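# Summary of structural features
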Amino acid sequence: MIEVNGLTKRYGGTTAVKDLTFTVHPGRVTGFLGPNGAGKSTTLRMILGLHEPSSGTVTVGGRPFRERPRGLRQVGSLLDAHDVHGGRTAMAHLSALAAGNRIPRRRVEEVLREVGLVKAARRRIGGFSLGMKQRLGIASALLGDPPVLIFDEPLNGLDPEGVRWVRDLFRRLAAEGRTVFVSSHLMSEMEHTADQLVVIGRGELIAAESLAEFSARGTRSCVMVGSSALPALEPLLTAEGATVRREDGLLAVTGLTAARIGEITQRHGIPVHHLSARASSLEEAFMELTADSAQYLAGGTR
Ligand SMILES: Nc1ncnc2c1ncn2[C@@H]1O[C@H](COP(=O)(O)OP(=O)(O)OP(=O)(O)O)[C@@H](O)[C@H]1O
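As recorded by an unreviewed UniProt entry, the protein chain carries the name ABC transporter ATP-binding protein and is attributed to Actinocorallia libanotica.

### A look at the overall build of the protein chain
Assigned secondary structure in the protein chain consists of 10 helices and 13 strands. Overall, the C-alpha framework of the protein chain stretches about 75 × 45 × 35 Å when taken along its three principal axes. Across the 302 residues that make up the protein chain, the buried fraction comes to 38%. At a minimum sequence separation of 6, the contacts of the protein chain that also span at least 24 residues come to 70%.

### A short note on the sheet that holds strand β10 (residues 222-226)
Within a sheet, each strand pairs with its neighbour through backbone hydrogen bonds, oriented either parallel or antiparallel. Overall, antiparallel pairing links the 4 strands, which are arranged β11-β12-β10-β13 in an open sheet. The sheet terminates laterally at β11 (243-247) and β13 (274-278), the two strands that pair on one side only. Ignoring which end each strand starts from, the neighbouring axes of this sheet average 25° apart. Where β11 meets strand β12 (residues 250-254), 5 bridges bridge the pair, whose relative direction is antiparallel.

### Quick look at helix α4 (residues 130-142)
Counted at 1.5 Å a residue, the expected span for α4 with its 13 residues is 18 Å, and the 18 Å between its end C-alpha atoms agrees. Where burial is concerned, most of α4 is hidden: 11 out of the 13 residues are buried. For α4, the complete set of buried residues consists of M132, K133, Q134, R135, L136, G137, I138, A139, S140, A141 and L142. Where α4 is buried, its residues meet β5 (75-78), α2 (90-100), α3 (106-114) and β6 (148-152).

### Considering the pairing of β12
Across the two faces of β12 the burial differs, with L251 and V253 buried and L250, A252 and T254 not buried at all. Connecting β11 to the antiparallel partner β12 that follows it, the hairpin turn spans 2 residues, and D248 within it adopts a positive phi of roughly 50°.

### Observations concerning the site of the ligand
Among the 13 residues in the neighbourhood of the ligand, the closest are listed as Y11, A16, K40, S41 and T42. Listing elements by their share of the shell around the ligand, those giving two or more residues are β2 (14-24) and α1 (40-47). The biggest single contributor to the shell around the ligand is α1, with 3 residues. Of the residues assigned to the shell around the ligand, the class counts are 3 nonpolar, 8 polar and 2 charged.

### Structural notes on the environment of G144
With respect to the secondary-structure elements, G144 resides in the loop between α4 and β6. Taking the number of C-beta atoms within 10 Å as the measure of exposure, G144 has 21 and is therefore buried. As for G144 and G71, which are separated by 73 residues in sequence, their C-alpha atoms are 8.4 Å apart.

### So, the packing of α2 against α3
Interaxial distance between α2 and α3 falls to 9 Å at its minimum, and their mutual angle equals 130°. In terms of their interaxial angle, α2 and α3 are classed as oblique. Between α2 and α3 lies a crossing of right-handed hand. Where α2 approaches α3, its residues A90, M91, L94, S95 and A98 are matched on the opposing element by R107, V108, V111 and L112.

### A few points about unusual backbone geometry
One non-glycine residue, D145, lies in positive phi territory at about 50°. For D145, the position within the fold is in the loop between α4 and β6. For D145, a count of 15 C-beta atoms within 10 Å corresponds to the partly exposed category. Phi at D248 is positive, roughly 50°, even though this residue is not glycine. Tracing the backbone shows D248 in the loop between β11 and β12. Overall, the presence of 7 C-beta atoms within 10 Å leaves D248 in the exposed class.

### Section: α2
Those residues of α2 not exposed but buried are A90, H93, L94 and A98. Take α2 and look down its axis: the buried residues cluster within an arc of 130°, on one side only. Seen from the open side of α2, the exposed residues pointing more than 90 degrees away from its buried face are A99 and G100. In the segment just after α2, R102 is the residue with positive phi, at about 50°.

What counts, and where the lines are drawn
Residues numbered from 1 in each chain as written. Predicted model: local features only at pLDDT ≥ 70, side-chain atom pairs only at ≥ 80, totals over all residues. Helix = DSSP H or I, 4+ residues; strand = E, 2+ residues; numbered from the N terminus. Buried ≥ 20, exposed ≤ 12 C-beta atoms within 10 Å, placed from the backbone. Contact = placed C-beta atoms within 7 Å. Pairing = 2+ DSSP bridges. Axes fitted to C-alpha atoms, helices over the stretch in contact; angles between N-to-C directions. Expected span 1.5 Å × (residues − 1). Near = placed C-beta within 6 Å. Nonpolar A, V, L, I, M, F, W, Y, C, P; charged D, E, K, R; others polar. Parallel < 35°, antiparallel > 145°, perpendicular 65-115°, else oblique. Left-handed = near helix turned anticlockwise from the far one by under 90°. Arc of directions from axis to C-beta.

Have a look at this one:
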């Protein structure tokens with residue numbers, strides 16, 4: 001489990017991360033989403049003990065990551081795929097990491113196979129494409145067979161086949177009971193990758209919940225109700241605080257759950273022939289809920 005509690009990071013006059021609290025659970029892929037500059041990388045660096053928080057705490061498995069010996073066996077991470085020595089071969093790079101973390105050498109062969117880099121193992125990393133470097137970074141993260149994995153924008157630079165491969169890999173790692181925490185600034189990348197979302201904007205928490213819960217927050221989410229007695233039903237729903245509008249012969253109701261609408265119609269003996277919840281698309285919900293932070297950044301007033 002990754003537990004972030006009241007985490008704040010200031011750089012001079014800039015507050016990159018502000019009083020952030022959330023938990024990332026094992027057995028799921030959790031997407032860490034926010035517009036550019038929202039504070040995702042800063043948060044990941046604090047989780048990994050690379051940046052000191054200005055205040056607040058962050059623990060991995062109940063302890064600050066820095067206190068853990070042989071880190072690669074505890075947490076595997078990929079922060080920047082370019083952050084590798086270009087003169088080394090993939091094999092040499094992974095072997096050095098394995099040696100430094102007392103990881104058996106056979107793991108190097110295993111992870112090279114896992115990420116599809118066996119044929120390129122003896123080539124210099126300097127000649128690798130971005131996609132190959134991403135695969136190498138993922139191999140490094142997997143090397144210590146850790147229970148917690150953290151990836152910063154791992155889908156950047158991957159072709160569609162690579163994206164599918166990474167998604168399948170993340171799902172498998174989560175199904176094995178690991179904690180998988182993956183950042184992205186694109187909802188479309190997370191929509192088919194993550195089970196849970198942590199969404200931030202301007203360094204502050206916007207949401208920490210399942211994809212379905214997140215999409216229900218969009219203002220376009222509503223309940224569609226069909227009845228032969230719509231004129232009688234409308235005032236009953238507005239009296240309960242709902243906003244209603246007519247759409248294709250149905251009522252589109254916001255502000256009440258389908259269950260509550262069912263109770264009201266039953267109590268008043270109103271016949272219902274259609275009752276369905278309609279969620280906003282995740283993309284809509286994301287754009288809406290992060291609009292303030294995106295505009296703020298576009299204005300350059302940070
Ligand atoms: N070392 C630093 N010194 C000063 N400001 C910094 C530093 N690192 C980050 N920031 C600022 O903190 C804010 C958050 O940056 P961060 O890189 O964490 O965001 P992000 O969500 O990862 O963005 P992106 O998707 O663009 O990578 C930005 O305003 C950034 O300019």
